[in-house]
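Chain by chain, the residues:
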Amino acid sequence: MKIPFYSFDHINKQFRQQAIANFIDFFDTNHYILGKQTIDFERKYAEFNKTKYAVGISNGLDALITTLRVLNISYGDEIIVPSNTFIASVLAVTHVGATPIFVEPSLKTYNINPTYLEKAITPNTKAIIPVHLYGQPCEMDQITTIARKYNLYVIEDNAQAQGATWNQKQTGSFGIINATSFYPTKNLGALGDAGAITTDSFELAQKAKIIRNYGSDKKYYNSHIGTNNRLDEFQAGILSIKLNYLNNWNKKRQLIAQMYDTYLKDVNHVITPYIHPSAQSVFHLYVIRSLQRNKLKEYLKVSSIDTLIHYPIPPHLQKCYQHLNYQTGDFPIAEELSNTCLSLPIYPGLTEKQIIYICDTIKSYVQKNSNLFFVS
Ligand SMILES: *Cc1c(COP(=O)(O)O)cnc(C)c1O
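So, here's what we can say about the structure. (Residues numbered from 1 in each chain as written. Predicted model: local features only at pLDDT ≥ 70, side-chain atom pairs only at ≥ 80, totals over all residues. Heavy atoms only, no water.)

1. Re the site of the ligand
So, point 1. Close to the ligand lie 13 residues, the nearest being Gly60, Asp157, Gln160, Ser181 and Lys186.
So, point 2. In this structure, an oxygen atom belonging to the ligand sits 2.7 Å away from a main-chain N or O atom of Gly60.
So, point 3. Taking Ser181, its side chain carries an N or O atom lying 2.7 Å from an oxygen atom of the ligand.
So, point 4. For the ligand, whose free accessible area comes to 380 Å², the fraction covered by protein is 91%.
So, point 5. Of all the elements in the fold, those that place two or more residues in the shell around the ligand are helix H3 (60-70) and helix H4 (87-95). (Near = heavy atom within 4 Å. Polar contact = N/O pair within 3.5 Å; in protein donor to acceptor, adjacent residues only side chain to side chain. Areas by Shrake-Rupley, 256 points an atom, 1.4 Å probe, with all protein chains shown as cover. Helix = DSSP H or I, 4+ residues; strand = E, 2+ residues; numbered from the N terminus.)

2. Quick notes on helix H2 (residues 36-49)
So, point 1. With 14 residues, H2 should reach 20 Å at 1.5 Å per residue; the first-to-last C-alpha distance of 20 Å fits that figure.
So, point 2. Every buried residue of H2 is listed here: Gln37, Thr38, Phe41, Glu42, Tyr45, Ala46, Phe48 and Asn49. Buried residues of H2, viewed axially, fall in a sector of 160 degrees; they line one side. Residues of H2 that are exposed and point more than 90 degrees away from the buried face comprise Lys36, Ile39 and Glu47.
So, point 3. Lys50 sits one or two positions beyond H2 and adopts a positive phi of about 55 degrees. (Expected span 1.5 Å × (residues − 1). Buried < 20%, exposed > 50% of the residue type's maximum accessible area, 1.4 Å probe, protein only. Arc of directions from axis to C-beta.)

3. As for the pairing of strand S9 (residues 195-199)
Moving residue by residue along a regular strand, the side chains alternate between the two faces of the sheet.
So, point 1. The element S9 is extensively covered by neighbouring structure, given that 5 of its 5 residues are classed as buried.
So, point 2. Covered by surrounding structure in S9 are Gly195, Ile197 and Thr199 together with Ala196 and Thr198, the residues of both alternating faces.
So, point 3. Bridge count between strand S1 (residues 53-57) and S9: 5 bridges; the pairing is antiparallel. Considered in S9, the bridge of Ile57 is made with Gly195.
So, point 4. Sheet topology note: the strand S8 (residues 178-181)/S9 ladder contains 4 bridges and is antiparallel. Its bridge partner being in S9, Thr180 is matched across the sheet by Ala196. (Pairing = 2+ DSSP bridges.)

4. Looking at the packing of aromatic side chains
Two aromatic rings are characterised by how far apart their centres lie and by the angle between their planes.
So, point 1. The tally for this structure, following the rule as stated, stands at 22 aromatic pairs.
So, point 2. Taking 6.1 Å as the distance between ring centres and 75 degrees as the angle between the ring planes, the aromatic pair formed by Tyr110 and Tyr134 counts as edge-to-face. Highlighted residues: Tyr110 in the loop between strand S3 (99-103) and helix H5 (117-120) and Tyr134 in the loop between strand S4 (125-128) and helix H6 (140-150), separated in sequence by 24 residues.
So, point 3. Judged by its relative accessible area of 4%, Tyr110 falls in the buried class.
So, point 4. Residue class for Tyr134 comes out buried when judged on its relative accessible area of 8%.
So, point 5. Members of the aromatic cluster, joined through ring pairs, are Phe23, Phe26, Phe27, Tyr32 and Phe234. (Phe/Tyr/Trp six-rings, centres within 6.5 Å; stacked < 30°, edge-to-face > 60°.)

5. So, a nonpolar patch on the surface
So, point 1. On the surface, Ile20, Phe23, Ile24, Phe27, Tyr32 and Ile33 cluster together into a nonpolar patch covering about 580 Å² of accessible area.
So, point 2. Along the chain, Tyr32 falls in the loop between helix H1 (9-29) and H2.
So, point 3. By relative accessible area, which is 40% here, Tyr32 ends up partly exposed. (Patch = residues over 30% accessible without salt bridge, like charges linked within 9 Å, V, L, I, M, F, W, Y side chains within 5 Å. Salt bridge = Lys/Arg side-chain N within 4 Å of Asp/Glu carboxyl O.)

6. Quick look at the sheet that holds S8
So, point 1. Read from one edge to the other, the open sheet built from 3 strands follows the order S1-S9-S8, with strand pairing classed as antiparallel. Strands with a single pairing partner mark the edges of an open sheet, and in this sheet they are S1 and S8. On average, adjacent strands in this sheet sit at an angle of 25 degrees to one another, irrespective of strand direction.
So, point 2. Strands S1, S8 and S9 of the sheet are contacted by H2, whose axis makes an angle of about 125 degrees with S1.
So, point 3. Taken strand by strand, helix H7 (residues 202-212) contacts S1 and S9, and its axis lies near 15 degrees from that of S1. (Axes fitted to C-alpha atoms, helices over the stretch in contact; angles between N-to-C directions. Contact = heavy atoms within 4.5 Å.)

7. Overview of H7
So, point 1. All of the buried residues in H7 are Leu204, Ala205, Lys207, Ala208, Ile210, Ile211 and Arg212.
So, point 2. In this structure, the buried side of H7 is in contact with H2, S1, H3, S9 and strand S10 (216-218).
So, point 3. N-capping of H7 is provided by Ser201, with a side-chain oxygen placed 3.4 Å from the backbone N of Glu203.

8. Comments concerning the side chain of Glu78
So, point 1. With respect to the helices and strands, the residue Glu78 is situated in strand S2 (residues 78-82).
So, point 2. Of the side chains with opposite charge, Lys126 lies nearest to the buried Glu78, which makes no salt bridge, at 9.4 Å.
So, point 3. Leaving out residues up to four positions away in the same chain, Glu78 has contacts with Thr99, Ile101, Thr122, Asn124, Thr125, Lys126 and Ala127. (Lys, Arg positive; Asp, Glu negative; His and termini not counted.)

9. With respect to the pattern of salt bridges
So, point 1. Here the structure, examined in full by the defined rule, presents 8 salt bridges.
So, point 2. Asp40 serves as the salt-bridge partner of Arg43, at 3.6 Å between the closest nitrogen and oxygen. With Arg43 and Asp40 both in helix H2 and 3 residues apart, the pair spans about one turn of that helix.
So, point 3. Assessed through its relative accessible area of 48%, Arg43 is described here as partly exposed.
So, point 4. A salt bridge links Glu42 to Arg212, with the nearest nitrogen and oxygen atoms 2.8 Å apart. Of the two residues, Glu42 is situated in helix H2 and Arg212 in helix H7; the sequence distance between them amounts to 170 residues.
So, point 5. For Arg212, a relative accessible area of 5% corresponds to the buried category.
So, point 6. Bridged by salt links that share partners, the residues Asp40, Arg43 and Lys44 form one connected network.

Just distances and angles here, no functional claims.
Below, the structure written as structure tokens:
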């Protein structure tokens, strides 16, 4: 049995006809930038996300950068980010000239640990970027309470958690302005690059729309030094179609996660995900941990099971951030996670038979090598 890490087969089949019909409509409109499809999708995505506004942006990284620009964050400002995240959360901060301040995650949820937040706050701190990693919402009660106490903005990086909830409230609706990505393999993915901003503020939504479009409110009148970060009209049409399936696809991911939990429950030396009781994860990824991660990954590969590591090098140790002068050991929890985490295949269409095969393969590795786990 060969199991890819991700497959579009199952989900693409479901909306293929609609996508083709939509392409013909789009082709014939003669209106290819910021047209009806973008306006439509922005309305639908705001409704889905339970925010007043959504603004389509070219991709997730640009959406994050745009949120920071909208809030006038720049040189001298400090922005708190988790020490374990996809690099884009940090790139956004440094692209506007601000300084990332890393805060360690909880070793249980892998999300930013609110108990470490206050220590990281200085008079220069302007915002906290919680990242709902792997699809699990961060502890938003504590985060928003601390943000309010110190008068900081909260900007959610919701790229991995479209449709997730914290205490019944949708992620992407907690921050003053939030960003998400529709990279093809995200829970809601386009057929190319795409992203969005969500907010309840009319002013911030308007400003985001101006900034993404050359900083222009009225054609050829430029109030801001803007960018070209518009959502592609064709992708907007695809996203409107796929949005109808998102809750259903998220449910399938949750069922797959439950099956993994069940079949891996009694396997020694393998840590399965912990989901906070207030969080409903949409399982963008199903990430286990093992002290023998690299060997286990190789063993699975030999058995034709593809896995990935999210992420092998934490941002503070990336070459591009050498100038920040961090060293190995500075963020031990993030480093521990990057050395032990392993993402198993999870996507609508993955069958129970495949899940059992994956879990049996993991079990057989652990049984054969359990002596290895005690050597450090
Ligand atoms: C995917 C992702 C991004 C970036 O999105 P792109 O659309 O690829 O630019 C940002 N943050 C997180 C946490 C992501 O997973």
